[in-house]
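Structural description and commentary
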Amino acid sequence: MIILAIESSCDETSAAIMRDGVLLSHLVATQTIHEQYGGVVPELASRAHEQNIVPVVQETLKKANLQFSDLQAVAFTQGPGLLGALLVGASYAKSLAWALNVPLIAVNHLKAHVLAHFIEKPSPSFPFLCLTVSGGHTQILLVQSPINMQILGQTQDDAVGEAFDKAAKLLGLPYPGGRWIDHYAQTGNALAYSFPTSQLKDLDFSFSGMKTSFLYFLQKHLTTQPDFITQNLNDICASYQQALINVLLTKLKLAVAQTGIKEVALAGGVSANSALRKQLQALGEHEGWQTYIPKFEYCTDNAAMIAMTAHFMAQENVLADLEVQALPRLPF
Ligand code: KG4
Ligand code: ZN
């Protein structure tokens, strides 16, 4: 089956074409307009999706050497995400499925981040644990099959990506700041400063307190040293990043201990973080886990992962009708 997939949940307009689980073409248009506002502006995201979606799909078809009439199903991100942004992808996908008279597949964005591991080999074997870390979510999942996943723990407030991005904003770094913290941390000393980490019970997370303590830390130093940030940027980034990673890896160890499952995957935008990738791999080698870290291009939002998920859903005949709605808080 040839599936066209659309992703428009936040600030990337992306399309992908997959034939029987094999990716034929894939394109991501990243919206740069938000940089000047220090965060995603929902209204501008919707407008940019509306402008991008037609050329992005056309180019994706061209790259795969296909016509609209070759498509046998259309998939889209149903949620979670920004409502106006989701509506652009949903309306486009529904119209196209209706016009071509082909099945429509409504995909959960968070499940798609997990299933990005099946776009290229090696893929994890079921059951496996997945730590999904993005700008909107932080969760540990027990993945029993492509369509059967269970949340073992999740953040009770901010996502870890937000903890990166908000700290970066306080440091005066561009949005989205996660990759800039990663960049400056590479030549910094992670032991230079210590930050309190939240200790919620079991497998749940909390990052809002860490974000606030980072603000107080900066305020305290800036009162006596106005150029504290510029003089110590690398050490500040490395230390704060390490505190966040420590929380993630501690919970992951607990999840392995509780379930006995040693197949461990990482997913979501924050999995692009170079220190997290290295430390998870080292931890896996030390603990005897099999770890799976996605390629950079499949870490952040992309339609290839939506196509992959749609492929599994089509195999199980999980199809949507034209009344299906985009939902900003789509239940897992
Ligand atoms: O999955 P994603 O593309 O979008 C959401 O679904 O949220 O994740 C975006 C998040 C942002 O918070 C961004 O700062 C973070 O991923 N991110 C990183 C890195 N690259 C992207 N965080 C830390 N280090 C990175 N290298
Ligand atoms: Zn995402």
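To start, this report covers the structure provided alongside it.

Re the side chain of His26
Assignment of secondary structure puts His26 in strand 3 (residues 22–30). Not counting residues up to four positions away in its chain, the partners in contact with His26 are Ser14, Ala15, Ala16, Thr60, Lys63, Glu297, Tyr298, Asn302, Ala303 and Ala304.

Regarding the site of ligand 1
In the vicinity of ligand 1 lie 18 residues, with Gly135, Asp165, Asp182, Gly269 and Asn273 positioned nearest. His109 has a polar side-chain atom sitting 3.4 Å from an oxygen atom of ligand 1. Separating an oxygen atom of ligand 1 from a backbone N or O atom of Gly136 is a distance of 3.3 Å. If you list the elements that add at least two residues to the shell around ligand 1, you get helix 3 (109–115), helix 4 (160–170) and helix 5 (178–185). Here the residues of the shell around ligand 1 sort into four nonpolar, 10 polar and four charged. Two domains each donate at least three residues to the shell around ligand 1, and these are domain 1 (2–114 + 299–315) and domain 2 (124–294).

So, the nonpolar core
In this structure, Leu171, Phe207 and Phe214 are the most contacted members of the largest nonpolar core, which totals 48 residues. Among the elements that line this core, the one with the most residues is helix 7 (residues 228–259), at 16 residues. With residues up to four places along the chain from it excluded, the contact list for Phe214 reads Ala167, Leu170, Leu171, Phe195, Ile236 and Tyr240. In terms of nonpolar packing, the next biggest core, distinct from the first, is built from 33 residues, Ala75, Val114, Ala303 and Ile306 among them.

A word on the pattern of salt bridges
Counted by the stated rule, this structure contains five salt bridges. Measuring nitrogen to oxygen at the nearest pair gives 3.3 Å for the salt bridge that ties Lys295 to Glu120. Placement of Lys295 in the loop between strand 10 (290–292) and helix 9 (303–315) and of Glu120 in the loop between helix 3 and strand 6 (128–133) is noted, with a sequence separation of 175 residues between them. We classify Lys295 as partly exposed; its relative accessible area is 40%. Notably, a salt bridge pairs Lys295 with Glu297, separated by 3.3 Å at the nearest N-O pair.

Concerning the packing of aromatic side chains
Across all of its chains, the model carries 14 aromatic pairs by this definition. Plain terms: the ring middles of Phe205 and Phe207 are 6.0 Å apart, the flat faces sit at 15 degrees to each other, and that makes the pair stacked. The pair formed by Phe205 and Phe207 is uniform in burial state, with each residue classed as buried. An aromatic cluster is present here, built from Tyr193, Phe195, Phe214, Phe217, Phe228 and Tyr240 joined pairwise through their rings. Sitting over the face of the ring of Phe332, Lys111 holds its NZ or CZ atom 5.1 Å from the ring centroid. Positioned above the aromatic ring of Phe296, the side-chain terminus of Arg277 is 4.1 Å from the ring centre.

Here we look at helix 7
Note on helix geometry: an α-helix contains 3.6 residues per turn, so any two residues three or four positions apart are oriented the same way. End to end, helix 7 covers 44 Å across 32 residues, agreeing with the expected 46 Å (1.5 Å per residue, within 8%). Considering bend angle alone, the principal kink of helix 7 is centred on Asn234 and spans about 55 degrees. Following helix 7 by one or two positions, Gly260 has its phi on the positive side, about 75 degrees.

Cut-offs and rules
Residues numbered from 1 in each chain as written. Chains lettered and ligands numbered in written order. Predicted model: local features only at pLDDT ≥ 70, side-chain atom pairs only at ≥ 80, totals over all residues. Heavy atoms only, no water. Helix = DSSP H or I, 4+ residues; strand = E, 2+ residues; numbered from the N terminus. Contact = heavy atoms within 4.5 Å. Near = heavy atom within 4 Å. Polar contact = N/O pair within 3.5 Å; in protein donor to acceptor, adjacent residues only side chain to side chain. Nonpolar A, V, L, I, M, F, W, Y, C, P; charged D, E, K, R; others polar. Domains from an automatic or database assignment. Core = buried A, V, L, I, M, F, W, Y, C linked by side-chain atoms within 4.5 Å. Buried < 20%, exposed > 50% of the residue type's maximum accessible area, 1.4 Å probe, protein only. Salt bridge = Lys/Arg side-chain N within 4 Å of Asp/Glu carboxyl O. Phe/Tyr/Trp six-rings, centres within 6.5 Å; stacked < 30°, edge-to-face > 60°. Lys NZ or Arg CZ within 6 Å of the ring centre and 35° of its normal. Expected span 1.5 Å × (residues − 1). Bend = angle between axes of the 7 residues up to and from the residue.

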